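Take a look at the letters that make up each chain.
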Amino acid sequence: MPKVAEIMESMEYGPAPEDSAAVRDWLRERGAFGHFIAGRFTRAGETFASRDPSTGEALAQVTQGTARDVAKAVRAARRAQRGWGAMPGHDRARFLYAIARTIQKRERFLAVLETLDNGKPIRESRDTDVPLVVRHFYHHAGWAELAETEFPGHRALGVCGQIIPWNFPLLMLAWKVAPALAAGNTVVLKPAEYTPLTALAFAEICAHVGLPAGVVNIVTGDGDTGEALVAAPVDKLAFTGSTEVGRQIARACAGSGKKLTLELGGKSPFVVMADADLDAAVEGVVDSIWFNQGQVCCAGSRILVAESVSARFETLLRARMARLRTGPPLDKSTDIGAIVDPVQKERILCILDRAVEAGAELVGGLPGKGCFIAPGYLRNIAPANPGMIEEIFGPIATLSTFRTPDEAADLANNTRYGLAASVWSENAAVATDLAARIKAGVVWVNCANLFDAAAPFGGMRDSGYGREGGREGMLDYLAAPVAAQRDPLPAEIVPAEAPGIDRTVKLYIGGAQKRPDGGASYLAQDELIPLGNRKDIRNAVEAAQGSLAKWQGLGGHGRAQVLYFLAENLAQRRAEFAGYASPAEVDAAIRRCFFYAGFADKYDGATVAAKPGHLCHVQPEPHGVMGLIAPVAAPLAGFLSLVLPAIAMGNAVVAVPSQDRPMAALTLAQVLACSDVPGGVVNIVTGPRDALSAALAGHDGVSAIWHAGQGEGLAATQGLAGATLIPVWVPPPRDWSDPAAQGREFLRAASRIKTIWLPYGALPAGTGSAVY
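Let me begin by describing the structure that accompanies this report. (Residues numbered from 1 in each chain as written. Predicted model: local features only at pLDDT ≥ 70, side-chain atom pairs only at ≥ 80, totals over all residues. Heavy atoms only, no water.)

### Points about the overall build of the chain
In step 1: A tally of helices and strands in the chain yields 26 helices and 32 strands.
In step 2: Overall size of the chain, expressed as C-alpha extent along the three principal axes, is 105 × 65 × 50 Å.
In step 3: In the chain, which comprises 772 residues, the share counted as buried stands at 59%.
In step 4: Partitioning the intrachain contacts of the chain with sequence separation of at least 6 by distance along the chain shows that 76% fall at a separation of at least 24.
In step 5: For the chain, the exposed surface amounts to about 29,500 Å²; the carbon and sulfur share of it is 53%.
In step 6: Averaging the coordinates of the 74 positive side-chain charges in the chain and doing the same for the 79 negative ones gives two points 3 Å apart. (Helix = DSSP H or I, 4+ residues; strand = E, 2+ residues; numbered from the N terminus. Buried < 20%, exposed > 50% of the residue type's maximum accessible area, 1.4 Å probe, protein only. Contact = heavy atoms within 4.5 Å. Areas by Shrake-Rupley, 256 points an atom, 1.4 Å probe, with all protein chains shown as cover. Lys, Arg positive; Asp, Glu negative; His and termini not counted. Charge placed at Lys NZ, Arg CZ, Asp CG, Glu CD.)

And the structure:
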């Protein structure tokens, strides 16, 4: 045994294993696990082993769920939802509070169980994961208490199917279950096949606190079980996992009416400017890519460093990386634990082999015995290298350089993902400028991988859509009050030609009237209407993209002035529009212009109460180019009810008006042209609704779609949009002249949330912080 003096000379850590006896006793007592359905555990069926990835030891046998098991769980959740949803928010809050307190009492047990099952270091399970689980249940107990006043008129969606990944098993459960229960929903949750044990321990906690039977149901199994849950008759699906599976789920849900939240993969940039505190930035790398063995969807896996400081930064990075300890996850001195499964380890090594073959140099990153890979990074790596493009999902970053802030922003956005980013600079102007320019749902400034129940989390593009956490996360589990009604299906289009002189009205693209690409027309409202096609949609999207910088540069106040002017001009031509829509509809359209003009500079962000020592700002941002499919009924009020909130938030739109009654929208083009609306902000393409909406859904320049129609065309549009992960909002058909056809529901759908974390102020004495 070494002497104390010898230890002081080397400063080597001795072993400090966490005792796992209590967890192992619990696993032996429970034997093979069944599912948790209707408040009790079922008998185990066909089972598979859940293993300790650091040793390969089988920890427990867990039941493989079938479609029948899923159906049974959904029925139990449906029965329970009637009572749970009708329960006063105060009573639901008390259950959530009881869950939080019980988890708090069992923190050590749950941390050890999580580390055994997942392979992450015990310090991370103990100090990060489980405390944040507790935070989520406390936070959402508050939302349950306040829901009736904070979300007046909203109701629970019903039964929520939830599928979670293996990298944060208990934390992802909390992210999904807590808001669902707070809102009055019931859940059927499928944990990851590799890591089901903490979900089953959570089921025991639900039973222990007396949660009504069927409110929480847990069905274990592999991808087939998840597929059965996706196909089940649930009202909402929430999925965290790979982009590939997210696309499959989006396509499978097309036309089903299920609300969908997808939190998918990432290839997040970690930007180090020349003036950054390099020592702090290196610690940020540790927290970002080497936390949880790099098995983090928002890990800062693409390190981008200013060329002038890259040599110094890399020297510091190598020195810090050399001091990280890879070893047994239950050892409190371990920094890097085990990869979750041999399959995942092999996938990581395969990507690294291809990256090196393509010319990159691997520093560190050597595989160890069993499911271990040492931390490392790829340098001298080209933008098209597989290691730069693909999500490695392991403790391996890439490192490349830039010379200017513009190049840094371009490189940061040179990915199909958009989940998170980290920016390091001592200049506040530089840091916040980059935070605004980087396309990501979460941006950390001079920090990395900070999370809180009050802070919305989620991405854009191939990183999915929807948010989890805070007010935004609650709204994704609630239905807005709407008096829905049916919108008629459009009549069949019959191409027509004008006798003699061509009297056809024209499309409105880029601020000018344009003939349709095919030169064809159809008859509607006794007029020859231009028959738009896919090429016209492409032209309109291009015009919309070209208008965004100017339109967003006006700011909310400037956009408000334009919309007020539009209202005045529309009012001047009230009599003309009454020929294409009812007087009540025309008056409603004018009022709608004033309403969204008023909101253009008032739909604000908010700073939420998250972690001490930071400002967490939640900022709504425009999607960009939006495709709008107007209802068949209400050709003016319905059309403007979609266009106005979208452009008020700074988007540009390609709008397909009522197929049967398009003249109101086409006449509106003249008003837009003389109301200071920049060319390209509103583009109008008439023709076959289903074909045009499909063209929008298949265009990668479109960032969001609203479809106010019904029928097979909607399902087809959602299926195409699922392939490109374009969010599709379906505003329920309603009386579009009614004041209820406007409001924050539309503004929220016209924007996406960016969560920005900034260091702020001094911490209370004695709390400590990674900032210092």
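The discussion continues.
### Examining the pairing of strand β11 (residues 269–272)
In step 1: Burial along β11 is two-sided: the face carrying Pro269 and Val271 and the face carrying Phe270 and Val272 are both buried.
In step 2: Judged from the 4 bridges that link them, β11 and strand β12 (residues 302–306) form a sheet pairing that is parallel. Residue pairing across strands places Val271 opposite Leu304, the latter belonging to β12.
In step 3: In this sheet, strand β16 (residues 420–424) lies alongside β11 in parallel orientation, the contact comprising 3 bridges. Residue Val271 lies in a different strand from β16, and its bridge partner there is Val423. (Pairing = 2+ DSSP bridges.)

### Re the pattern of salt bridges
In step 1: Under the counting rule described, the total for this entry stands at 31 salt bridges.
In step 2: With its nearest N and O atoms 2.7 Å apart, the salt bridge here joins Asp406 to Arg437. In this pair, Asp406 is assigned in helix α15 (residues 405–412) and Arg437 in helix α16 (residues 428–437), connecting sequence segments 31 residues apart.
In step 3: Since its relative accessible area comes to 45%, Asp406 is described here as partly exposed.
In step 4: For Arg437, a relative accessible area of 30% gives the class partly exposed.
In step 5: With its nearest N and O atoms 2.8 Å apart, the salt bridge here joins Glu472 to Arg748. Of this pair, Glu472 sits in helix α17 (residues 470–475) while Arg748 sits in helix α26 (residues 744–749), and the two are 276 residues apart along the sequence.
In step 6: A relative accessible area of 12% means that Glu472 is categorised as buried.
In step 7: Since its relative accessible area comes to 22%, Arg748 is described here as partly exposed.
In step 8: Salt bridges here are not isolated pairs; linked through shared partners, they connect Glu314, Arg318, Glu361 and Arg379. (Salt bridge = Lys/Arg side-chain N within 4 Å of Asp/Glu carboxyl O.)

### Considerations on the pairing of strand β23 (residues 521–524)
Residues in a regular strand point their side chains to alternate faces of the sheet.
In step 1: Relative to β23, strand β20 (residues 495–496) runs antiparallel, the two being bridged by 2 bridges. Looking across to β23, one finds that Pro495 is bridged to Tyr522.
In step 2: Relative to strand β24 (residues 527–530), β23 runs antiparallel, the two sharing 4 bridges. Within the sheet, the bridge partner assigned to Ala524 lies in β24 and is Glu527.

### Some details on unusual backbone geometry
In step 1: In the Ramachandran plot, Asn380 falls in the positive-phi region, its phi being about 50° despite a non-glycine side chain.
In step 2: Relative to the helices and strands, Asn380 is located in the loop between β14 (376–379) and α14 (386–389).
In step 3: Note on Asn380: relative accessible area 52%, which makes it exposed.
In step 4: For Ala634, which is not a glycine, the phi torsion comes out positive at approximately 50°.

### Topic: the packing of helix α4 (residues 89–105) against helix α6 (residues 122–150)
In step 1: Relative to each other, α4 and α6 sit at 170°, their axes nearing to 7 Å. Viewed along their axes, α4 and α6 adopt a mutual orientation that is roughly antiparallel. Mapping the contact onto sequence places Gly89, His90, Arg92, Ala93, Leu96, Tyr97, Ile99, Ala100, Arg101, Ile103 and Gln104 in α4 and Val130, Val133, Val134, Phe137, Tyr138, His140, Ala141, Ala144, Glu145 and Glu148 in α6.
In step 2: Among the residues forming the contact of α4 with α6, the class breakdown is 13 nonpolar, 4 polar and 4 charged. (Axes fitted to C-alpha atoms, helices over the stretch in contact; angles between N-to-C directions. Parallel < 35°, antiparallel > 145°, perpendicular 65-115°, else oblique. Nonpolar A, V, L, I, M, F, W, Y, C, P; charged D, E, K, R; others polar.)

### Observations regarding the packing of aromatic side chains
In step 1: Counted according to the given criterion, the structure contains 22 aromatic pairs.
In step 2: Across the ring face of Tyr477, the terminal group of Lys236 is positioned such that the distance to the ring centre comes to 4.0 Å. (Phe/Tyr/Trp six-rings, centres within 6.5 Å; stacked < 30°, edge-to-face > 60°. Lys NZ or Arg CZ within 6 Å of the ring centre and 35° of its normal.)

### Some details on a positive patch on the surface
In step 1: Among the surface-exposed residues, Arg40, Arg68, Lys72, Arg75, Arg79 and Arg82 lie close enough to one another that they form a single positively charged patch.
In step 2: Counting residues per element, the positive patch draws most heavily on helix α3 (residues 67–86), at 5 residues.
In step 3: Along the chain, Arg40 turns up in strand β2 (residues 40–41). (Patch = residues over 30% accessible without salt bridge, like charges linked within 9 Å, V, L, I, M, F, W, Y side chains within 5 Å.)

### Remarks on helix α22 (residues 637–648)
In step 1: Look at α22: 16 Å from first C-alpha to last across 12 residues, which is about the 16 Å you get at 1.5 Å a residue.
In step 2: The element α22 is extensively covered by neighbouring structure, given that 12 of its 12 residues are classed as buried.
In step 3: Among the residues making up α22, those that are buried are Ala637, Gly638, Phe639, Leu640, Ser641, Leu642, Val643, Leu644, Pro645, Ala646, Ile647 and Ala648.
In step 4: Of the residues trailing α22, Gly650 is marked for its positive phi of about 100°. (Expected span 1.5 Å × (residues − 1).)

### Side note on the environment of Phe451
In step 1: With respect to the element layout, Phe451 can be found in the loop between β17 (442–445) and β18 (464–465).
In step 2: By relative accessible area, Phe451 is classed as buried at 13%.
In step 3: Note: C-alpha distance between Phe451 and Gly394 (57 residues apart in sequence) is 20 Å.
In step 4: In this view, Phe451 contacts Leu132, Trp175, Cys298, Trp444, Phe457, Lys611 and Trp757; residues no more than four positions away in its chain are not counted.

### A look at the sheet that holds β20
In step 1: Taken in spatial order, the 3 strands of this open sheet run β20-β23-β24, and their pairing is antiparallel. Single-partner strands in this sheet number two, and they are β20 and β24.

### Some words on the environment of Gly364
In step 1: Looking at the element boundaries, Gly364 is found in strand β13 (residues 361–364).
In step 2: Judged by relative accessible area, Gly364 falls into the partly exposed class, the value being 32%.
In step 3: Gly364 sits 14 residues away from Leu378 along the chain, and the two C-alpha atoms are 8.7 Å apart.
In step 4: When residues no more than four places from it in sequence are discounted, the contact partners of Gly364 are Met321, Pro375 and Gly376.

### Description of the packing of helix α5 (residues 107–118) against α6
In step 1: One can describe the packing of α5 onto α6 by two numbers: an axis separation of 9 Å at closest approach and a directional angle of 120°. By the angle between their directions, the pair α5 and α6 is classed as oblique. The handedness of the crossing between α5 and α6 is right-handed. The segment α5 lies against α6, with Glu107, Leu110, Ala111, Val112, Glu114 and Thr115 engaging Ile122, Ser125, Arg126, Val130, Pro131 and Val134. (Left-handed = near helix turned anticlockwise from the far one by under 90°.)

### With respect to the state of the cysteines
In step 1: Scanning the model with the defined rule gives 0 disulfides in all.
In step 2: No disulfide involves Cys674; its nearest neighbouring cysteine sulfur is the one of Cys593, lying 12 Å away. (Disulfide = S-S within 2.5 Å.)

### Here's the deal with the side chain of Ser547
In step 1: Relative to the helices and strands, Ser547 is located in helix α18 (residues 534–553).
In step 2: A polar atom in the side chain of Ser547 sits 3.2 Å from the backbone oxygen of Gly680. (Polar contact = N/O pair within 3.5 Å; in protein donor to acceptor, adjacent residues only side chain to side chain.)

### What about the environment of Tyr97?
In step 1: If you trace the backbone, Tyr97 turns up in helix α4.
In step 2: Accessibility expressed as a relative area gives 44% for Tyr97, which makes it partly exposed.
In step 3: Between the C-alpha atom of Tyr97 and that of His140, which follows or precedes it by 43 residues, the distance is 8.6 Å.
In step 4: With residues near it in sequence (within four places) discarded, Tyr97 still touches Tyr138 and Ala141.

Note that every value here comes from positions in space, so none of it alone points to a role or purpose.
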